[in-house]
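A closer look at the structure
Spelled out from the first residue to the last, the chains are:
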Amino acid sequence: MVNIEKGYHYTQCGLDNVWLLNGYEVKETPYGKELSIDNVDGLHQAITKALIDKPVRLTGSELRFLRVELDLSQKAFAGYFGKTDQSVANWEKADKIPQEVNYLARHIIRQTLNEKAAYVDEVKRLQALDQEDYSNWLSFQESEKGWEKAI
């Protein structure tokens, strides 16, 4: 298990459960502490991949992170579901998003990432995941290949 006590709690991404084990530097400036992260885009891609592979339902804040990473407004994102932007706003405030939104949002994001996955296959994959072994936090580390989820 990863020791998150020694990492950086990366809440600037809008998620409360992301920790960086390396690949960052905190500097003291005359205006306070300043955070510098190596390859932020790569880190956000790693977070996105970890979230769409997560074995339990997405939270509202995770859905918001993914929507923002897709550079979609709430209104544009709602269009994928035949809903209103108010529906998306409500989902993003929820502890757990509705199951059908969970499945379809992951499918849409996989398509965007060019990971072609049939919707039915994605639903079966998510249903088969073992939910008992999932931790409520995610840790990331930078390696020679870029950012990746720590085991």
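The sections below set out a description of the structure shown in this document. (Residues numbered from 1 in each chain as written. Predicted model: local features only at pLDDT ≥ 70, side-chain atom pairs only at ≥ 80, totals over all residues. Heavy atoms only, no water.)

**Observations concerning the overall build of the chain**
A tally of helices and strands in the chain yields six helices and six strands. Counted from the first residue to the last, the chain has its helices and strands arranged as β-β-β-β-α-α-α-α-α-α-β-β. For the chain, long-range pairs separated by at least 24 residues make up 57% of all intrachain contacts whose partners lie at least 6 apart in sequence. Accessible surface, the chain as shown: approximately 9,000 Å² in total, 47% of it carbon and sulfur. (Helix = DSSP H or I, 4+ residues; strand = E, 2+ residues; numbered from the N terminus. Contact = heavy atoms within 4.5 Å. Areas by Shrake-Rupley, 256 points an atom, 1.4 Å probe, with all protein chains shown as cover.)

**Things to note about the nonpolar core**
The biggest cluster of nonpolar side chains holds 31 residues, and the ones touching the most others in it are Tyr10, Val18, Leu20, Leu43, Ile47, Leu51 and Phe140. For this core, the secondary structure elements donating two or more residues are β2 (18-20), α1 (40-52), α2 (60-69), α3 (74-79), α4 (85-93), α5 (99-112) and β5 (138-143). Per-element accounting of this core gives the leading share, six residues, to α1. Apart from the residues within four sequence positions on either side, Tyr10 is in contact with Leu15, Val18, Trp19, Leu20, Leu35, Ile37, Val40, Leu43, His44 and Ile47. (Core = buried A, V, L, I, M, F, W, Y, C linked by side-chain atoms within 4.5 Å. Buried < 20%, exposed > 50% of the residue type's maximum accessible area, 1.4 Å probe, protein only.)

**Points about the environment of Lys145**
Summarising the element assignment, Lys145 is placed in the loop between β5 and β6 (146-149). Expressed as a C-alpha distance, the spacing of Lys145 and Gly42, which sit 103 residues apart in the sequence, is 9.8 Å.

**Focus: the sheet that holds strand β1 (residues 8-9)**
Strand order in the open sheet formed by four strands is β1-β2-β5-β6, and the pairing between neighbours is mixed. Both edges of this open sheet fall to β1 and β6, since each of them pairs with a single strand only. Each of β2, β5 and β6 is contacted by α1, which is oriented at about 140 degrees to β5, the strand it contacts most. (Pairing = 2+ DSSP bridges. Axes fitted to C-alpha atoms, helices over the stretch in contact; angles between N-to-C directions.)

**Focus on unusual backbone geometry**
Peptide bonds are, in most cases, trans, and in most cases residues other than glycine have a negative phi. Within the chain, Asn39 stands out as a residue other than glycine whose phi angle is a positive 50 degrees. Among the secondary structure elements, Asn39 is positioned in the loop between β4 (32-37) and α1. Of the residues examined, Asn39 reaches a relative accessible area of 41% and is grouped as partly exposed. Positive phi values are uncommon outside glycine, yet Asp71 reaches one of about 60 degrees. Mapped onto the secondary structure, Asp71 falls in the loop between α2 and α3.

Structural measurements only, silent on function.
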